[in-house]
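Inside the fold
Next come the chains, spelled out residue by residue.
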2 protein chains.
Amino acid sequence: MTRVRVESFTISLDGYGAGPDQDINNPLGVGGAELHQWLIPTRTIQRALFGKDGGTTAVDDDFAARGFQNVGAWILGRNMFSPIRGAWPDTSWQGWWGDSPPYHVPVFILTHHARAPIEMEGGTTFHFITGGIHEALAQARVAAAGKDVRIGGGAATIQQYLREGLIDELHIAISPILLGEGAALFAGLDLRARGYECVEFVPSEKATHVVLRRRA
Amino acid sequence: MTRVRVESFTISLDGYGAGPDQDINNPLGVGGAELHQWLIPTRTIQRALFGKDGGTTAVDDDFAARGFQNVGAWILGRNMFSPIRGAWPDTSWQGWWGDSPPYHVPVFILTHHARAPIEMEGGTTFHFITGGIHEALAQARVAAAGKDVRIGGGAATIQQYLREGLIDELHIAISPILLGEGAALFAGLDLRARGYECVEFVPSEKATHVVLRRRA
Ligand SMILES: NC(=O)c1ccc[n+]([C@@H]2O[C@H](COP(=O)([O-])OP(=O)(O)OC[C@H]3O[C@@H](n4cnc5c(N)ncnc54)[C@H](OP(=O)(O)O)[C@@H]3O)[C@@H](O)[C@H]2O)c1
Ligand SMILES: NC(=O)c1ccc[n+]([C@@H]2O[C@H](COP(=O)([O-])OP(=O)(O)OC[C@H]3O[C@@H](n4cnc5c(N)ncnc54)[C@H](OP(=O)(O)O)[C@@H]3O)[C@@H](O)[C@H]2O)c1
């Protein structure tokens, strides 16, 4: 059965999934790059993003790796895909990840600004969905063909799916930094009332990993 | 030099320092008792609250113990002292902690409802301050006589002192629970802009301990 999962989503101590003022030099907003100090050095990400061997292999890597297991499709918010706001000026922006993005499956991008799909190398196709979160999930489910759907982020996207009760499990990493402002993951969302509980709590030197799961 | 410290203040994964609907049966609000699963079993708290020997002695106890070191006065919000709201109906409420509270120094309680001081056993005196946070801190500094002032909580009290730039250091414990609603410690407060950074990040099995300090 397809499950809808959030994986490796990282928040600061003060609860932000990105800093303010995202732009081409600050994909995660000002200060946001520090969020992923646990993730970038892992063997999983070194291989997936940079094609490199090596990298850390302990708890952080275990969590990074499980994020890719059994994932048949992704859903991203438009701001995770791009720093561009408003109408697309042209079709030159194809994501942050170069010619061969680390997804290797269909990726559904929520946006109000329609665009033709982009077929990248290595099995990733970006589809732009203007019909809202339910349509994106329906298409992602079909594309996943029995595997799981991973919601990549950012916070605005995860929040919408949480509000509609559509996420089965979230792996959240808490990084030892303060961002001060930005997109707050938990703000205004009562996850306890929505039936979630913390089922794993695993520290590493660089982050605290928690898994939140909805009671069946 | 007197420093103003927050110690052992515990928040949930979603950032709350207490659950909703505090009352006599739920001093920390509904669900809030789970916050302190790291703290209550420590040797420091077993001795301080229950006069018992034994208790845990690892990381959690180290943090619990340092919270009492070199503390010459405390400041509490009225809701940490009592579940009573509005005017005091009588003088019978003397705190949650029995005849000999674990403070053993002067304690200054912020409230809009004046009350005579209460001298308890073991050196604790509760003073009720209606003149605001600056007056409470001034009085606490004098009482501390060169030792530090500990701000006990709750979130509403800590927030006010943070906004005025009056806190030097905070030890925050993050517990593996969701509270869903309540008093959010970081909400609306940009600690990064206020010059705080995370200088310690120490996991235990039951909590993640972080120390935030203001750059000098
Ligand atoms: N901390 C992490 O682990 C992590 C993970 C992923 C991303 N991030 C970061 O998070 C930041 C982005 O997060 P965010 O919360 O600002 O935004 P986001 O969720 O990535 O994207 C929000 C945007 O997506 C479009 N959108 C969302 N829902 C929609 C809907 N129902 N219908 C149509 N369009 C919809 C809208 O764009 P338009 O109206 O402009 O089309 C909206 O402004 C980036 O800095 C990214 O790098 C962090
Ligand atoms: N998580 C932890 O480690 C921890 C630690 C301590 C406490 N707590 C919990 O936190 C909860 C209380 O937190 P809270 O944020 O609700 O409240 P709080 O900070 O304890 O108390 C707020 C109250 O104090 C009085 N007050 C605060 N500032 C004042 C000012 N400047 N002037 C005059 N009066 C002022 C007001 O009461 P009046 O107007 O009614 O007088 C106000 O409603 C309790 O459940 C407590 O058990 C948790």
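Below: a short report on this structure. (Residues numbered from 1 in each chain as written. Chains lettered and ligands numbered in written order. Predicted model: local features only at pLDDT ≥ 70, side-chain atom pairs only at ≥ 80, totals over all residues. Heavy atoms only, no water.)

**Comments concerning the site of ligand 1**
All names here are of chain A.
- Neighbouring ligand 1 are 28 residues; P27, R78, T111, H112 and T157 lie closest to it.
- Here an oxygen atom of ligand 1 and a backbone polar atom of N79 are 3.2 Å apart.
- The fraction of the free accessible surface of ligand 1 (940 Å²) that becomes covered by protein chains is 85%.
- Ranked by residues supplied to the shell around ligand 1, first place goes to helix 5 (residues 155–163) with 4 residues.
- Taken together, the residues that form the shell around ligand 1 break down as 11 nonpolar, 16 polar and 1 charged. (Near = heavy atom within 4 Å. Polar contact = N/O pair within 3.5 Å; in protein donor to acceptor, adjacent residues only side chain to side chain. Areas by Shrake-Rupley, 256 points an atom, 1.4 Å probe, with all protein chains shown as cover. Helix = DSSP H or I, 4+ residues; strand = E, 2+ residues; numbered from the N terminus. Nonpolar A, V, L, I, M, F, W, Y, C, P; charged D, E, K, R; others polar.)

**Quick notes on the side chain of S175 of chain A**
- Inspection of the secondary structure assignment puts S175 of chain A in the loop between strand 7 (169–174) and strand 8 (196–203).
- Setting aside residues no more than four positions away along its own chain, S175 of chain A makes contact with T10, I11, S12, L13, E34, L35, W38 and K206 of chain A. (Contact = heavy atoms within 4.5 Å.)

**Some thoughts on the sheet that holds strand 9 (residues 208–214) of chain A**
Residue and element names in this part refer to chain A.
- Spatial ordering of the open sheet is given by 4-5-3-2-6-1-7-9-8, a layout of 9 strands whose pairing is mixed. What marks the edges here is a single partner per strand, and that holds for strand 4 (118–119) and strand 8.
- Bridging between strand 8 and strand 9 involves 7 bridges; their strand directions are antiparallel. Paired with P203 across the two strands is T208, which belongs to strand 9.
- On top of the sheet, helix 4 (residues 133–144) reaches strand 1 (4–11), strand 2 (71–77), strand 3 (106–110), strand 5 (125–129) and strand 6 (148–153); it is set at about 160 degrees to strand 2, its chief contact.
- Sheet contacts for helix 5: strand 1, strand 2, strand 3, strand 6, strand 7 and strand 8; angle to strand 6, the most-contacted strand, approximately 135 degrees. (Pairing = 2+ DSSP bridges. Axes fitted to C-alpha atoms, helices over the stretch in contact; angles between N-to-C directions.)

**Observations concerning the site of ligand 2**
Residue and element names in this part refer to chain B.
- The full set close to ligand 2 counts 27 residues, and P27, R78, T111, H112 and T157 are the nearest of them.
- Q22 is positioned with one of its side-chain polar atoms (N or O) 3.3 Å from an oxygen atom of ligand 2.
- Taken together, the elements giving at least two residues each to the shell around ligand 2 come down to strand 1 (4–11), helix 3 (78–81), strand 6 (148–153) and helix 5 (155–163).
- A total of 4 residues in the shell around ligand 2 trace back to one element, the largest contributor, which is helix 5.
- Per-class residue counts for the shell around ligand 2 are 11 nonpolar, 15 polar and 1 charged.

**Description of the interface of chain B and chain A**
- Facing 27 residues of chain B, the contacting portion of chain A comprises 27 residues.
- Regarding the contact of chain B and chain A, the summed buried area is about 2200 Å², with carbon and sulfur atoms giving 64% of it.
- In terms of surface lost to chain A, no three residues of chain B exceed L178, R192 and F201 of chain B, which account for 32% of the buried area on that side.
- Here R192 of chain A and E34 of chain B are joined by a salt bridge, their closest N and O atoms 3.9 Å apart.
- Applying the counting criterion to the chain B and chain A interface returns 3 residue pairs in polar contact (both at pLDDT 80 or more).
- Considering each element in turn, the side of chain B that touches chain A owes the most residues, 5 residues, to strand 8 (residues 196–203) of chain B.
- Here the residues of the side of chain B that touches chain A sort into 15 nonpolar, 4 polar and 8 charged. (Buried area = accessible area lost by both parts, 1.4 Å probe. Salt bridge = Lys/Arg side-chain N within 4 Å of Asp/Glu carboxyl O.)

**With respect to the environment of V210 of chain B**
- Tracing the sequence through the fold places V210 of chain B in strand 9 (residues 208–214).
- The exposure class assigned to V210 of chain B is buried, which follows from its relative accessible area of 2%.
- Sequence separation between V210 of chain B and G95 of chain B is 115 residues; the distance between their C-alpha atoms is 28 Å.
- Setting aside anything within four residues of it in sequence, one finds V210 of chain B in contact with L13 of chain A together with L170, H171, I172, C198, E200 and F201 of chain B. (Buried < 20%, exposed > 50% of the residue type's maximum accessible area, 1.4 Å probe, protein only.)

**Structural notes on helix 1 (residues 43–50) of chain A**
Residues and elements named next belong to chain A.
- Three or more residues of helix 1 are buried, namely T44, I45 and Q46.
- Its buried side turned inward, helix 1 meets helix 2 (59–66).
- At the C-terminal side of helix 1, G51 shows a positive phi close to 65 degrees.

**Regarding the nonpolar core**
- In terms of nonpolar packing, the biggest core is built from 70 residues, with I75, Y161 and I167 of chain A together with I75, Y161 and I167 of chain B touching the most fellow members.
- In this structure, I75 of chain A is in contact with F108, L110, A136, L137, A140, V149, R150, I151, G152, G153, T157 and Y161 of chain A, ignoring residues within four places of it in sequence.
- In terms of nonpolar packing, the next biggest core, distinct from the first, is built from 15 residues, V71, W93, Y103 and I109 of chain B among them. (Core = buried A, V, L, I, M, F, W, Y, C linked by side-chain atoms within 4.5 Å.)

**Focus on the packing of helix 1 of chain A against helix 2 of chain A**
Residue and element names in this part refer to chain A.
- Put simply, helix 1 and helix 2 touch, their axes get as near as 7 Å, and they point 50 degrees apart. With respect to helix 2, the axis of helix 1 lies oblique. Every residue of helix 2 that contacts helix 1 at R43, T44 and I45 is listed here: D61, A64 and A65.
- For the contact of helix 1 with helix 2, the residue count by class is 3 nonpolar, 1 polar and 2 charged. (Parallel < 35°, antiparallel > 145°, perpendicular 65-115°, else oblique.)

**So, helix 4 of chain A**
All names here are of chain A.
- The end-to-end C-alpha separation of helix 4 is 16 Å, in line with the 16 Å expected for 12 residues at 1.5 Å each.
- Listed in full, the buried residues belonging to helix 4 are I133, A136, L137, A140 and A144. Down the axis of helix 4, the sector holding all buried residues measures 95 degrees, keeping them to one side.
- Contacts from the buried residues of helix 4 go to strand 1, strand 2, strand 3, strand 5, strand 6 and helix 5.
- One or two steps after helix 4, the chain reaches A145, where phi turns positive at roughly 50 degrees. (Expected span 1.5 Å × (residues − 1). Arc of directions from axis to C-beta.)

**Some words on the relation of the copies chain B and chain A**
- With an axial shift of 0.0 Å and an RMSD of 0.0 Å, the rotation relating chain B to chain A amounts to 180 degrees. Expressed as an axis order, the relation between the two copies is that of a two-fold axis. Identified as the residue of chain B closest to the rotation axis by C-alpha distance is P203 of chain B, at 2.9 Å.
- In this assembly, 100% of the residues forming the interface of chain B have copies in chain A that are likewise at the interface, indicating an isologous arrangement. (Least-squares fit on C-alpha atoms with pLDDT ≥ 70 in both.)

Spatial relationships are all this shows, so hold off on functional conclusions.
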